[in-house]
2 protein chains.
Amino acid sequence: MSSVVASTAIRGRFLDIQNTVAQAREIHDQVRYVEDGLLITQAGKIQWFGRWEDGQQQLRQLESSIQVEHYPDQLIVPGFIDTHIHFPQTEMVGAYGEQLLEWLNTYTFPTEIQFQDKAYADQIAHFFVNELLKNGTTTALVFCTVHKESVDALFEAAEQYQMRLIAGKVLMDRHAPEALTDTAENAYTDSKELIEKWHGKGRNLYAITPRFAPTSTPEQLKRAGQLKTEYPDVYIHTHLSENTNEIAWVKELFPEQNGYLDVYHHYGLTGNKSVFAHCVHLEEHEWDCMHQTNSAIAFCPTSNLFLGSGLFPLKKTWDKQVKVGLGTDIGAGTSFNQLQTLNEAYKVQQLQGDKLSAFESLYHATLGGAKALALEDKLGNFNIGKEADFVVLNLNATALQTLRQQRAKNIEDALFALFTMGDDRNIEATYIYGQKAYQQSAS
Amino acid sequence: MSSVVASTAIRGRFLDIQNTVAQAREIHDQVRYVEDGLLITQAGKIQWFGRWEDGQQQLRQLESSIQVEHYPDQLIVPGFIDTHIHFPQTEMVGAYGEQLLEWLNTYTFPTEIQFQDKAYADQIAHFFVNELLKNGTTTALVFCTVHKESVDALFEAAEQYQMRLIAGKVLMDRHAPEALTDTAENAYTDSKELIEKWHGKGRNLYAITPRFAPTSTPEQLKRAGQLKTEYPDVYIHTHLSENTNEIAWVKELFPEQNGYLDVYHHYGLTGNKSVFAHCVHLEEHEWDCMHQTNSAIAFCPTSNLFLGSGLFPLKKTWDKQVKVGLGTDIGAGTSFNQLQTLNEAYKVQQLQGDKLSAFESLYHATLGGAKALALEDKLGNFNIGKEADFVVLNLNATALQTLRQQRAKNIEDALFALFTMGDDRNIEATYIYGQKAYQQSAS
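Here we summarise the structure given alongside this text.

## As for the overall build of chain A
Helix and strand counts for chain A come out as 17 helices and 16 strands. The C-alpha atoms of chain A give a radius of gyration of 21 Å, which matches the 22 Å a tight globule of 443 residues would have. Projecting the C-alpha coordinates of chain A onto the three principal axes gives extents of approximately 65 × 45 × 40 Å. Here chain A holds 443 residues, and 67% of them are scored as buried. A separation threshold of at least 6 residues defines the contact pool for chain A, and within that pool the share at least 24 residues apart is 76%. Here chain A has roughly 14,300 Å² of accessible surface; of this, 46% comes from carbon and sulfur atoms. For chain A, the distance from the average position of its 37 positive side-chain charges to the average position of its 55 negative side-chain charges is 5 Å.

## Remarks on the sheet that holds strand 16 (residues 435-439) of chain B
All names here are of chain B. An order of 3-2-1-4-14-15-16 is seen for the 7 strands of this open sheet, with the pairing classed as mixed. This sheet does not close on itself; its edge strands, each paired only once, are strand 3 (45-51) and strand 16. Between one strand axis and the next, the sheet turns through 35° on average, direction left out of account. Pairing between strand 1 (residues 7-17) and strand 4 (residues 68-78): 5 bridges, direction parallel. Across the sheet, residue A9 finds its bridge partner in strand 4, namely V68. Those strands touched by helix 14 (residues 358-365) are strand 1, strand 2 (31-42) and strand 4, and its axis lies near 130° from that of strand 1.

## Description of empty space enclosed by the protein
By the definition in use, this model includes 6 cavities of 30 Å³ or more. Computed from the structure, the largest cavity encloses a volume of approximately 600 Å³. What lines the largest cavity is a set of 40 residues, and nearest its centre among them are A:Q340, A:D423, B:Q340, B:D423 and B:R425. For the lining of the largest cavity, the secondary structure elements donating two or more residues are helix 4 (118-134), helix 13 (338-350), helix 16 (399-406) and helix 17 (411-421) of chain A together with helix 4 (118-134), helix 13 (338-350), helix 16 (399-405) and helix 17 (411-421) of chain B. Looking at the lining of the largest cavity, the element that brings in the most residues is helix 13 of chain A, giving 4 residues. Taken together, the residues of the lining of the largest cavity sort by class into 6 nonpolar, 21 polar and 13 charged. Approximately 100 Å³ is the volume found for the second largest cavity. Together, 14 residues line the second largest cavity, and A:L100, A:W103, A:L104, A:H239 and A:E242 are the ones closest to its centre. Take the lining of the second largest cavity: its biggest share by element is 3 residues, from helix 3 (residues 100-113) of chain A. Of the residues belonging to the lining of the second largest cavity, the class tally is 6 nonpolar, 4 polar and 4 charged.

## Details of the environment of A:I17
Residue and element names in this part refer to chain A. Within the fold, I17 resides in strand 1 (residues 7-17). Given the relative accessible area of 0%, I17 is considered buried. For I17 and G380, which are 363 residues apart along the polypeptide, the C-alpha to C-alpha distance reads 8.0 Å.

## With respect to the sheet that holds strand 15 (residues 427-432) of chain A
All names here are of chain A. Spatially, 3-2-1-4-14-15-16 is the arrangement adopted by the 7 strands of the open sheet, whose pairing is mixed. Since the sheet does not close on itself, it has two edges, and those belong to strand 3 (45-51) and strand 16 (435-439), each with one partner. The mean inter-strand angle of the sheet, taken between neighbouring strand axes irrespective of direction, is 35°. Relative to strand 15, helix 4 is tilted by about 115°, and along the sheet it contacts strand 15 and strand 16. Against the sheet, helix 17 makes contact with strand 1, strand 2 (31-42), strand 4 (68-78) and strand 14 (390-393), and its axis sits at roughly 95° relative to strand 1, the strand it touches most.

## A few points about the environment of A:G97
Residue position: A:G97 is located in the loop between strand 5 (80-86) and helix 3. Distance from A:G97 to A:G308, taken between C-alpha atoms, is 9.9 Å for residues 211 residues apart in sequence.

## Description of the packing of aromatic side chains
Within the structure shown, the criterion is met by 44 aromatic pairs over all chains. Pairing A:F87 with A:F115 gives two aromatic rings, centres 5.5 Å apart and planes at 90°, and the pair type is edge-to-face. Taken together, the positions of A:F87 in the loop between strand 5 and helix 3 and A:F115 in the loop between helix 3 and helix 4 put the pair 28 residues apart, joining distant regions of the chain. Here A:F87 and A:F115 have matching classes, each one buried. In textbook terms, an aromatic cluster arises when at least three aromatic residues are bridged by ring pairs, as seen for A:F14, A:F49, A:Y71, A:F382, A:F390 and A:Y431. In this arrangement the basic side chain of A:R11 is found over the ring face of A:W52, its NZ or CZ atom lying 3.9 Å from the centre. Directly above the ring of B:Y188 sits B:R223, whose terminal nitrogen or CZ lies 4.2 Å from the centroid.

## Some words on the side chain of A:T302
Within the secondary structure, A:T302 is located in helix 11 (residues 301-306). Polar contacts involving the side chain of A:T302 include one to the main-chain amide nitrogen of A:T334, which spans 2.9 Å. The contacts of A:T302, once residues within four sequence positions are left out, are A:T328, A:A332, A:G333, A:T334, A:S335, A:Q340, A:T341, A:E344 and B:K347.

About the criteria used
- Residues numbered from 1 in each chain as written.
- Chains lettered and ligands numbered in written order.
- Predicted model: local features only at pLDDT ≥ 70, side-chain atom pairs only at ≥ 80, totals over all residues.
- Heavy atoms only, no water.
- Helix = DSSP H or I, 4+ residues; strand = E, 2+ residues; numbered from the N terminus.
- Rg over C-alpha atoms; globule rule 2.2 N^0.38 Å.
- Buried < 20%, exposed > 50% of the residue type's maximum accessible area, 1.4 Å probe, protein only.
- Contact = heavy atoms within 4.5 Å.
- Areas by Shrake-Rupley, 256 points an atom, 1.4 Å probe, with all protein chains shown as cover.
- Lys, Arg positive; Asp, Glu negative; His and termini not counted.
- Charge placed at Lys NZ, Arg CZ, Asp CG, Glu CD.
- Pairing = 2+ DSSP bridges.
- Axes fitted to C-alpha atoms, helices over the stretch in contact; angles between N-to-C directions.
- 1 Å grid on protein atoms, 1.4 Å probe; cavity = no way out; pocket = protein on both sides within 12 Å on 5 of 7 lines; lining within 4 Å.
- Points joined across faces, edges and corners; volume = space filled by probe spheres on them.
- Nonpolar A, V, L, I, M, F, W, Y, C, P; charged D, E, K, R; others polar.
- Phe/Tyr/Trp six-rings, centres within 6.5 Å; stacked < 30°, edge-to-face > 60°.
- Lys NZ or Arg CZ within 6 Å of the ring centre and 35° of its normal.
- Polar contact = N/O pair within 3.5 Å; in protein donor to acceptor, adjacent residues only side chain to side chain.

In structure tokens form, the structure reads like this:
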């Protein structure tokens, strides 16, 4: 593992969004495009960023041993942020023929049982972290399984790269196979132990992770809320309003609550560090509750399409002032890659008659995702002092992309073409905390 | 160019569908999976196909110079058939922000104007044919531009590989830039000349290609119908019911006809060799007309999503007994690849609560597509006497695919995983008329 105190100096073409915005139309004015830029990191953070020609004095102050890494033809953007993904489902992408509830019982639960074995969890955790890096994802909010071992495995794998990962043990004390259930009590004690062990250790952060309302008893949700009160700085990560049968089931299970979101809200699980995956079918009063509690949504287009869950109304997040990030939702999602996720995000909006611009897409994948995770002070762009997580993109990874990029009218058009046709081949290198953590091998 | 009289012998794992079916549920019984098979071609056609152990005598009868090409770990399937694609739009995949009619005016027409230049058309035609091969597509029904040169360019490029391509000059005499319009009269004479020149020459076939009803005058459609009467063996290829604004426009332009399809039907443009791209919003009586005339639909999922056109009801093609094939619809579609197209086809069905099985997907991409093009006697599976177009698939093109394939329960599950995660990296080799036309370079 390389030391984080070292400096790194990167020269190239940089693109980011300088500030968070309240409306999509404001993004354009926050786009920062530096055609020949310099970025200097120090101890994992951005120490200097600007035009190459303005950075010569800064460069001279660095140790003479520092070599400037030059990416003359690439595009460097902030690391992608995945606000919803399941690491134990890495191996089950493309499980056929079911919608949410049947898909869980048929495929997901049998897969997750394997993670009681720490050695197996370790193996998949390493694979998973490598997939994130290969796809330019530098931060993710991750479901583990009900087993404590799965959390240890994931954080141990992430630590090797000093990745900023948020994860937690699943809470599930009903409506699942016995090998995958805990109890209200040990969900509490195990989570507490894991919080003490991992939250704030290095760049790791913890998320209290009830799978979804149907698989937790009221008693377990109450204990989850208690934990959140004791550790207000940790996250809440769960699912919400993905599928109409699921919603009907929740209403049946919790008749005393005013709809699905109200179950979580009742137990104190909404808030600035609460992330709800999907939210495809929120009711009006639920949008209001999301806004009022400053809770965030993880929009997972490839998953919503693959499971036939429905079309997420992204535009409404702006209208209702609700935070939103992008999620791949592996393994119901079909790709680890945020470029492919954005391709389908665009299509989901087109089906609703809405436009998703390239710059808005970039925002959701970077700074907007950081805001959804309440990490916009640390991640999401090249502002000085932020953590130095970024991706080097090759816009010409295939012959067809090259043909199209030769005809790109401007950087926005080039970016849109990348988001339409891109995949992991476009990720040339991924830097975590100022260090190169992944370099695509020459093909 | 290699001679087609030579024999080729291929050993490997083969999968195809033996016969066309009337209902999706019948496909399973027609699946032919030969784990260790042998395929021998002679003069471009399949001379023998069966189990390796049963083919030794056939092998001995071949010239001693013939080497058996062995693909021990791959999967060999019939070549993919793309029933709707625009070669002049190769360079414009990922054009931002519009639905059909605005997209045509903003992006498509300016792009197509370039194809009056034969040298430019040649360049893109070669690129296009290479993309087809790279993606395992061995037959396509292709839109050219209004220019005769574009048709010559495409057939000349396809001839180099002896590909079975169907294409034609666009007919368009109104509602388009002057540089892209013909007249009713020269649309007729130019098409006639091209039919005489190309239809039935080698494996080339011609399609009379009115862009869509709004860009042809009644007089031009009448001349198209006249041409079809004079050359009943050629194809009709056009667009139908893609977008609700388009449909409203057609009804306005042709008030005397009973809806969109009736415009084509009225001018004699429906029939067994007529292919209508999209058909997302057909009315009930239009489904009936499609069935009664034995016309075919090209289902183009990536395009329907990218332009926000809507969700094609694939299941209805079985209910209504209407032929259907898959189309990539480059450049409104976002990939040349039929695996990626099937990924999105599945999602489009899931959103409608319907299941699209892996074997049904394979059917649409191969034998079903052949039937849509009235070529099921020549293409679509490994039956003896058929033309020897096939694809060698590597199921493990990425680390994630390998992880998933190791867990595949059976060939159907393996195929579904391929269709969910696959792309051009899975196409290891493409054979056209018995000869290897493409081999992926080692990466």
